[in-house]
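Residue strings, one per chain:
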Amino acid sequence: MAAAAAGQFEADWVAAGGRPAAAAGCATAGAAGLGADATAPQCAGGRAQFLPSGPDQAEDTVHALLIDACFHARERLLVVTPYFVPDTGLETAMRLAAHRGVKIDLVLPDVSNHRLADFVRNRSLRALSAAGVSIHLLPYMIHAKAVVFDESLAISGSVNLDSRSLLLNYECAVVFYGAGEIDWLANWIRALIPEAQPFDCRAPGLWRDIGEGLLLTVAYQL
């Protein structure tokens, strides 16, 4: 995983106009650590995968993984993110999972440092709440980004669950497949819930509804 991250950094560095590490006289991570790697004890952790995302990728990798995992989820989905402005595909996948009986807990800050994102997210939150998703609003800002699907998959990294982060920005995440890492992350997210307040899903007034709709037309900029 570290080698994959180093390789992605090198590719991004060169694409941005930097000199390749070899040309700059720097040893690569693999070459520098070759002797140490051969004798170092192996980590006992579970399997993990480095997952880059951005306009230089052949597909919207994290976005596609999230939607696919929503459709395969059977028991639980735990989410924590500072900003939540999903596109129609991700929102629909989450709603359908909830309708299938998947227990979904979505943890967000009540007030983030991005007020427009807070304003526009409410349309999606109302739709998800109506589908049975439990939405928990923390009394403080949280920058953690993580998603846990059942007992089989967890994702954590720089990716927010909004259209700009998922479809436009250069981001990266780690996908965990080991039971120990998945359980730890799930327990950490669940521990946040008791200090949160439930989302108030009352219907908006006319002007708020119009304002949310107008802002959603520029959701990629939020």
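Coordinates for the structure precede this section.
How each quantity is defined
Residues numbered from 1 in each chain as written. Predicted model: local features only at pLDDT ≥ 70, side-chain atom pairs only at ≥ 80, totals over all residues. Heavy atoms only, no water. Helix = DSSP H or I, 4+ residues; strand = E, 2+ residues; numbered from the N terminus. Contact = heavy atoms within 4.5 Å. 1 Å grid on protein atoms, 1.4 Å probe; cavity = no way out; pocket = protein on both sides within 12 Å on 5 of 7 lines; lining within 4 Å. Points joined across faces, edges and corners; volume = space filled by probe spheres on them. Nonpolar A, V, L, I, M, F, W, Y, C, P; charged D, E, K, R; others polar. Core = buried A, V, L, I, M, F, W, Y, C linked by side-chain atoms within 4.5 Å. Buried < 20%, exposed > 50% of the residue type's maximum accessible area, 1.4 Å probe, protein only. Axes fitted to C-alpha atoms, helices over the stretch in contact; angles between N-to-C directions. Parallel < 35°, antiparallel > 145°, perpendicular 65-115°, else oblique. Left-handed = near helix turned anticlockwise from the far one by under 90°. Patch = residues over 30% accessible without salt bridge, like charges linked within 9 Å, V, L, I, M, F, W, Y side chains within 5 Å. Areas by Shrake-Rupley, 256 points an atom, 1.4 Å probe, with all protein chains shown as cover. Salt bridge = Lys/Arg side-chain N within 4 Å of Asp/Glu carboxyl O. Expected span 1.5 Å × (residues − 1).

Caption draft 1: Layout of the environment of Ser129. By the element assignment, Ser129 lies in helix 7 (residues 122-131). Here the alpha-carbon distance between Ser129 and Cys201, two residues 72 residues apart in the chain, equals 6.8 Å. The residues touching Ser129, leaving out its near neighbours within four places in the chain, are Ile135, Phe199 and Cys201.

Caption draft 2: Local environment of empty space enclosed by the protein. Scanning the entire structure with this criterion turns up 2 cavities of 30 Å³ or more. Every residue lining the largest cavity is counted, 13 residues in all, and those nearest its centre are Lys145, Val147, Ile155, Val159 and Leu161. Contributing elements (two or more residues each) for the lining of the largest cavity: helix 4 (61-72), strand 6 (146-149) and strand 7 (153-157). Counting residues per element, the lining of the largest cavity draws most heavily on strand 7, at 3 residues. Looking at the lining of the largest cavity residue by residue, the classes come out as 9 nonpolar, 3 polar and 1 charged.

Caption draft 3: View of the nonpolar core. In terms of nonpolar packing, the biggest core is built from 36 residues, with Leu66, Leu77, Phe84, Ile104, Leu106, Ile135 and Phe149 touching the most fellow members. In this structure Ile104 touches Leu77, Met94, Ala97, Ala98, Val133 and Ser134, once residues within four positions along its chain are discounted. By size, the runner-up hydrophobic cluster in this structure holds 15 residues, among which are Val107, Leu138, Ile142 and Ile189.

Caption draft 4: Layout of the packing of helix 5 (residues 88-99) against helix 7. Their axes nearest at 8 Å, the elements helix 5 and helix 7 cross at an angle of 15°. As judged from the angle between their axes, helix 5 and helix 7 are roughly parallel. The way helix 5 lies across helix 7 gives a crossing that is right-handed. Of helix 7, the residues touching helix 5 (which contributes Glu91, Met94, Arg95, Ala98 and His99) are Ser124, Ala127, Leu128 and Ala131. When its residues are assigned to classes, the contact of helix 5 with helix 7 shows 5 nonpolar, 2 polar and 2 charged.

Caption draft 5: Summary view of a nonpolar patch on the surface. On the surface, a cluster of nonpolar side chains totalling about 320 Å² of accessible area is made up of Phe9, Trp13 and Val14. Along the chain, Trp13 turns up in helix 1 (residues 2-15).

Caption draft 6: Molecular detail of the packing of helix 4 against helix 5. Look at helix 4 against helix 5: their axes get within 8 Å of each other, and the N-to-C directions meet at 15°. On the basis of their axis angle, the class for helix 4 and helix 5 is roughly parallel. Read as a crossing pair, helix 4 and helix 5 show a hand that is left-handed. Here helix 4 contributes Leu66, Ile67, Cys70 and Phe71 to the contact with helix 5, which in turn contributes Gly89, Leu90, Ala93, Met94, Leu96 and Ala97. Among the residues forming the contact of helix 4 with helix 5, the class breakdown is 9 nonpolar, 1 polar and no charged.

Caption draft 7: Broad picture of helix 1. Under the 1.5 Å per step criterion, the end-to-end length of helix 1 is 20 Å for 14 residues, consistent within 8% with the ideal 20 Å. Positive backbone phi, at 105°, marks Gly17, one or two positions downstream of helix 1.

Caption draft 8: Seen up close, the environment of Leu108. Residue placement: Leu108 occurs in strand 4 (residues 103-109). Residue classification places Leu108 among the buried residues on the basis of a relative accessible area of 0%. Sequence-wise, Leu108 and Ala196 are 88 residues apart; in three dimensions their C-alpha atoms are separated by 8.7 Å. Sequence-distant contacts of Leu108, that is, excluding residues within four places in its chain, are made with Thr81, Phe84, Arg121, Leu125, Ile135, His136, Leu137 and Leu138.

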